[in-house]
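Commentary on secondary and tertiary structure
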Amino acid sequence: MKFCITGGGTGGHLMIAEALVEAAANEGHEAIFIGSKSGQDRKYFEDHSTFSHVYFLETTGVVNQKGLKKIKALWLVLKAFFASRAILKQHKIAAVYSVGGFSAAPASFAAISRGIPLFIHEQNVVEGRLNSLLKPFAARFISAYDENSAIKGYPVKEEFFERARVREKIKTVIFLGGSQGAKAINDLALSVASELQSRGVKIIHQAGERDYDRVKQKYEELGVEAELYAFTKEMPSLMSKADLAISRSGASTLWELCANGVPALFIPFPHAASDHQYHNARFIVQNEMGWCEREDEGLREKLLLLLDEDLSKKSSALMEHSSRDVAKMMILDAYRVVND
Ligand SMILES: CC(=O)N[C@H]1[C@@H](OP(=O)(O)OP(=O)(O)OC[C@H]2O[C@@H](n3ccc(=O)[nH]c3=O)[C@H](O)[C@@H]2O)O[C@H](CO)[C@@H](O)[C@@H]1O
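Residues numbered from 1 in each chain as written. Predicted model: local features only at pLDDT ≥ 70, side-chain atom pairs only at ≥ 80, totals over all residues.

Looking at the Subcellular location (unreviewed entry) heading of the UniProt record, one finds this comment for the chain: "Cell membrane". According to the UniProt record, the Function (unreviewed entry) comment for the chain is "Cell wall formation. Catalyzes the transfer of a GlcNAc subunit on undecaprenyl-pyrophosphoryl-MurNAc-pentapeptide (lipid intermediate I) to form undecaprenyl-pyrophosphoryl-MurNAc-(pentapeptide)GlcNAc (lipid intermediate II)." (UniProt positions renumbered as here; feature names shortened; annotations may be inferred.)

As C-alpha cells, then:
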C-alpha cells in the first residue's frame, strides 16, 4: 500500500515521521513525504530517507501570524493544498498519516477533499490547533495519553527498550535540555554539581550547542568531572547509564525515559505552546511515575531531596506503561482501516 506521511517543522514531529516510514517499509509498504520548505523538514529528509519521494512545499505557520502576514500564510496553504491534491493523485495514495505541525495542513486537507483516510498522531497531552481542527475528519487519532486511543503508547526506538532496567539507588544523574538544550537545567546542574560529586553521584549532561562552552568552563572551575555533551547521538546508551533524569518534558524525551525505565524530575519549557510540556509532565506525575516542578521553585533543594529515594516502584511503573513496536502497530492499523 502507498502512504503519504505529512507534517513536521521541528524534530518532535519529524522523528515520528521517520519512525512511521521505517515501519511502513518493514511491512512492505511504500511512503512519500509532504512537508514544508520552512522548519527542519528538509534537514531531516531531503538528502537521505526511506521515503520513495519527498516534497517540500512553500508554507509557513498561520496561527501566530497577524494582518497581511496571516493572509499571505493562508494563500500559501491554499496553493500547497492544490499541489498536495495533485501529488496524492499522482502517487495513488491510499492513506495519509499526519504527524502534526503547520506543514501537515495542505496534505491533510487534500486527503479529506479526496476522500483518502486521514490518520493523525498527536505527540502531546494538549492537542495542537491543527490536530484539533482535523480530528473530527480523521479515521484515527492516536495519542499515548488517551485511554481510548486505538493504539496505546508512543513510537520510541527499540534501543531504549532493549537497554531498559529497573532503577533502585541513584548512582548517576542525567541532565537533559531537549534538542536545543535548556539554560535553566544547565544552571541547576551547575548549582548541584559539587554536592553530587561529593556524594559519589556521577553526572551526564546534555547542555545544548548554545550553552556548551559556558557549562564546560563552569564544570572546570568547580573541579567537577561531568560527562558533557552539546548534542549527542548516543542517547539510548547515555539514558541507560542513568538512574534519575532532570529533563525538559518534550514528548519524545519523556517517552524514551519511560521506555528505558528512568524516573525523572521534569522541568517543563515554560514557553511551549499552550504550556504543553507541563501537561505532558503532569501525565507522568498523575500516574505516580515521576516528578514535575516549574523552573523557579527551589529546584536545587528538591533535587537534593530526591537523591535518597528508592526509585524501583516508579521505574517499574514507567516500563509497564510503555509499549514496544508502536509505529508498526500504527501502520498495521491504518492498513486494516483502509482495507476493511
Ligand atoms: C520547545 C518545544 O516546543 N519542543 C517541542 C518539540 O520537542 P523537541 O523536538 O525539542 O523535543 P523532544 O523531547 O520531543 O525530542 C527531542 C529528541 O531529540 C533527541 N536528542 C536530544 C538531545 C540530544 O543531544 N540528542 C538527541 O538525540 C531526544 O532523544 C529526543 O528523541 O516537539 C515535541 C513533540 O511535539 C514537543 O513535545 C516539545 O515540547
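Once the structure has been displayed, the description carries forward.
Points about the environment of V192
Counting through the fold element by element, V192 comes out in helix α7 (residues 183–198). Its 22 C-beta neighbours within 10 Å are what place V192 among the buried residues. (Helix = DSSP H or I, 4+ residues; strand = E, 2+ residues; numbered from the N terminus. Buried ≥ 20, exposed ≤ 12 C-beta atoms within 10 Å, placed from the backbone.)

Focus: helix α3 (residues 67–90)
In an α-helix, one turn spans 3.6 residues, which is why side chains three or four residues apart end up on the same side. Taking 1.5 Å of rise per residue, the 24 residues of α3 would be expected to cover 34 Å, and the 35 Å separating its terminal C-alpha atoms lies within 8% of that figure. Considered for burial, the residues of α3 that qualify are L76, V77, A80, S84, I87 and L88. Packing partners of the buried residues in α3 comprise β1 (2–6), β2 (30–36), β3 (53–57) and α4 (105–114). The positive-phi residue at the C-terminal boundary of α3 is K92, with phi of around 50°. (Expected span 1.5 Å × (residues − 1). Contact = placed C-beta atoms within 7 Å.)

Focus: the nonpolar core
Core analysis: the biggest nonpolar cluster contains 102 residues, and C4, I5, L20, V96 and I246 have the highest contact counts within it. Leave out the neighbours within four places in its chain, and I5 touches A17, L20, V21, A31, F33, Y97 and V99. (Core = buried A, V, L, I, M, F, W, Y, C linked by C-beta atoms within 7 Å.)

Let's talk about the UniProt feature "domain: Glycosyltransferase family 28 N-terminal" (unreviewed entry) in the chain
As recorded in UniProt, the sites labelled "domain: Glycosyltransferase family 28 N-terminal" (unreviewed entry) are residues 4–140. Within the segment residues 4–140, helix and strand shares are 45% and 18% respectively, and the terminal C-alpha atoms sit 15 Å apart.

Structural notes on the UniProt feature "domain: Glycosyl transferase family 28 C-terminal" (unreviewed entry) in the chain
Here, UniProt's "domain: Glycosyl transferase family 28 C-terminal" (unreviewed entry) annotation points to residues 172–320. In residues 172–320, the share of helix is 48% and the share of strand is 15%. The end C-alpha atoms are 22 Å apart.

Describing the site of the ligand
The immediate surroundings of the ligand are formed by 23 residues, with G12, G250, A251, S252 and T253 found nearest. Secondary-structure elements contributing two or more residues to the shell around the ligand are α1 (11–26), α10 (251–260) and α11 (276–286). Here the shell around the ligand spans two domains, since at least three of its residues come from each of domain 1 (2–156 + 324–339) and domain 2 (159–321). (Near = placed C-beta within 6 Å. Domains from an automatic or database assignment.)

Here's the deal with the pairing of strand β4 (residues 95–98)
The alternating pattern of β4 places A95 and Y97 and V96 and S98 on opposite faces, both of which are buried. In this structure, β1 lies alongside β4, joined through four bridges in parallel fashion. Bridging across to β4, I5 finds its partner in Y97. Two elements, β4 and strand β5 (residues 118–122), share three bridges in a ladder whose sense is parallel. Note that in β5 the partner of Y97 across the bridge is F119. The handedness of the β4 to β5 crossover, carried by α4, is right-handed. (Pairing = 2+ DSSP bridges. Right-handed = clockwise from strand over helix to strand, strands pointing away.)

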